[in-house]
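So the chains spell out like this:
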Amino acid sequence: MILKEQMLLVEQVQLAPRIFSMILQGEMVSEMRIGQFIHIRVPNDAMLLRRPISISEIDYGRSQCRIIYRVEGLGTDVFSNMVAGDYLDVMGPLGNGFEIDFLKDGDAILIIGGGIGVPPLVEVAKQAAKRGAKVTSVIGFATKEAVILEEELAQYGSVQVTTDDGSYGIKGSVATVVEQLTNDFSAIYSCGAPGMMKYVDQRFQDHPHAYLSLEARMACGMGACYACVVKPKGGQEHENKRVCKEGPVFETGSLVL
């Protein structure tokens, strides 16, 4: 069910340069599922389009969710200057999320995240761990100053961090670590930049439970405007999938990336 609500801003903190964490409270939280996103109106009449932001964590008991975003332009800059007690016009939850229902106690899962793509994977780790899954996370960033959510993910399993410049963790991309892993993972969950998604898609294209969460520029966020389309493999020339509607989560091997 898609809802529209004035959600209360409970807390906002800065995690890293240009990266902010918000906790929002509202009835909409009861409808949220891992991997979905919300569409937030900028409280400025000059900015018509909402901003899509993935849901990082869900607290059903408190009716609160956590979102983590990067300041990219005027809209997200407005968000970064809001304070506890403010309200945001939110539409959601939107999109199809990650599948975890098939996980069993003792299953091993691999989480692969990069940069601002790490946030939606935290709730995956949390809910998978609750099911008894063994969680391994590999997260990559440009530099030490950009590293976020390592401690949160460490609550649910082992975490390895890579940085492009070697200023923290292992020097290189997430592939540097992933290629060394020998576990037989029951599921793969990933989100990150296009280059990373292409690597994960190719590396795990034949895996029965490997998932990509894609980032895309959106307009309506509900599938009506076709501004965020991707091409399915084996589809007709005119056939498209919408990141906001059929996604943002897709199975590996299902898209032309």
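From a predicted model like this one, the values you see are computed outputs, not experimental measurements.

> I keep staring at the overall build of the protein and nothing clicks. Help me out?
Summing up its helical and strand segments, the protein has 5 helices and 16 strands in all. Its C-alpha atoms give the protein a radius of gyration of 18 Å, within 12% of the compact-globule value 18 Å for 257 residues. For the protein, the proportion of its 257 residues judged to be buried stands at 51%. For the protein, the proportion of contacts with a sequence separation of at least 24, taken over those separated by at least 6, is 63%. Carbon and sulfur atoms make up 48% of the accessible area of the protein, which totals about 12000 Å². The positive charge centre, built from 24 side chains, and the negative charge centre, built from 31, are 3 Å apart in the protein.

> Which parts of the structure should I look at to understand the environment of Arg242?
Position of Arg242 among the secondary structure elements: in strand β14 (residues 241–242). In contact with Arg242, not counting residues within four places along its chain, are Gly223, Tyr226, Cys228, Val229, Gly247 and Phe250. Side-chain polar atoms of Arg242 contact the backbone oxygen of Gly223, separated by 2.8 Å.

> Teacher, can you tell me more about the nonpolar core here?
Looking at soluble globular proteins, one finds that nonpolar side chains tend to be buried together. Formed by 31 residues in total, the largest nonpolar core has its most connected members in Phe98, Leu103, Ile109, Ile111, Phe141, Ile148 and Tyr189. Put simply, the parts of the chain that give this core at least two residues each are β7 (108–114), α2 (120–130), β8 (134–141) and β11 (187–191). If near-sequence neighbours (up to four positions away) are discounted, Phe98 is found in contact with Ile34, Gly35, Pro120, Leu121, Val124, Tyr189, Ser190, Tyr211, Ser213 and Val249. Counting 29 residues, the second-largest nonpolar core is a separate cluster that includes Leu94, Val138, Val174 and Val230.

> Looking at this structure, how should I read the sheet that holds β7?
Two modes of strand pairing occur in sheets, parallel and antiparallel, and in both the strands are linked by backbone hydrogen bonds. Reading across from one edge, β10-β9-β8-β7-β11-β12-β15 is the order of the 7 strands in this open sheet, with mixed pairing throughout. What marks the edges here is a single partner per strand, and that holds for β10 (170–171) and β15 (249–251).

> Honestly, the sheet that holds strand β4 (residues 51–59) in this entry has me stumped. Any pointers?
If you walk around this closed barrel you meet the 6 strands as β1-β2-β5-β4-β3-β6, and the pairing is antiparallel. Between one strand axis and the next, the sheet turns through 45° on average, direction left out of account. Both strand β3 (residues 37–40) and strand β6 (residues 87–94) contribute to a ladder of 3 bridges, which runs antiparallel. Across the sheet, the residue bridging to Ile40 is Val90, located in β6.

> Just to check I follow, could you spell out the packing of aromatic side chains for this structure?
Working definition: an aromatic ring pair is given by the centre-to-centre distance plus the angle between the planes. Per the stated rule, a full pass over the model turns up 4 aromatic pairs. Centre to centre, the rings of Tyr189 and Tyr211 are 5.6 Å apart; their planes meet at 20°, and the pair counts as stacked. Placement of the pair is Tyr189 in strand β11 and Tyr211 in strand β12 (residues 210–213), with a sequence separation of 22 residues. What makes Tyr189 buried here is its relative accessible area of 0%. One cation-aromatic arrangement involves Arg203 over Phe204; the distance from NZ or CZ to the ring centre is 4.9 Å.

> Teacher, can you tell me more about helix α5 (residues 194–203) here?
Given 3.6 residues per turn, any residue in an α-helix points the same way as the ones three and four places further on. Listing the buried residues of α5 in full gives Met196, Met197, Tyr199, Val200 and Asp201. In this fold, the buried residues of α5 make contact with β7, α4 (174–178), β11, β12 and β16 (255–256).

The rules behind these values
Residues numbered from 1 in each chain as written. Predicted model: local features only at pLDDT ≥ 70, side-chain atom pairs only at ≥ 80, totals over all residues. Heavy atoms only, no water. Helix = DSSP H or I, 4+ residues; strand = E, 2+ residues; numbered from the N terminus. Rg over C-alpha atoms; globule rule 2.2 N^0.38 Å. Buried < 20%, exposed > 50% of the residue type's maximum accessible area, 1.4 Å probe, protein only. Contact = heavy atoms within 4.5 Å. Areas by Shrake-Rupley, 256 points an atom, 1.4 Å probe, with all protein chains shown as cover. Lys, Arg positive; Asp, Glu negative; His and termini not counted. Charge placed at Lys NZ, Arg CZ, Asp CG, Glu CD. Polar contact = N/O pair within 3.5 Å; in protein donor to acceptor, adjacent residues only side chain to side chain. Core = buried A, V, L, I, M, F, W, Y, C linked by side-chain atoms within 4.5 Å. Pairing = 2+ DSSP bridges. Axes fitted to C-alpha atoms, helices over the stretch in contact; angles between N-to-C directions. Phe/Tyr/Trp six-rings, centres within 6.5 Å; stacked < 30°, edge-to-face > 60°. Lys NZ or Arg CZ within 6 Å of the ring centre and 35° of its normal.

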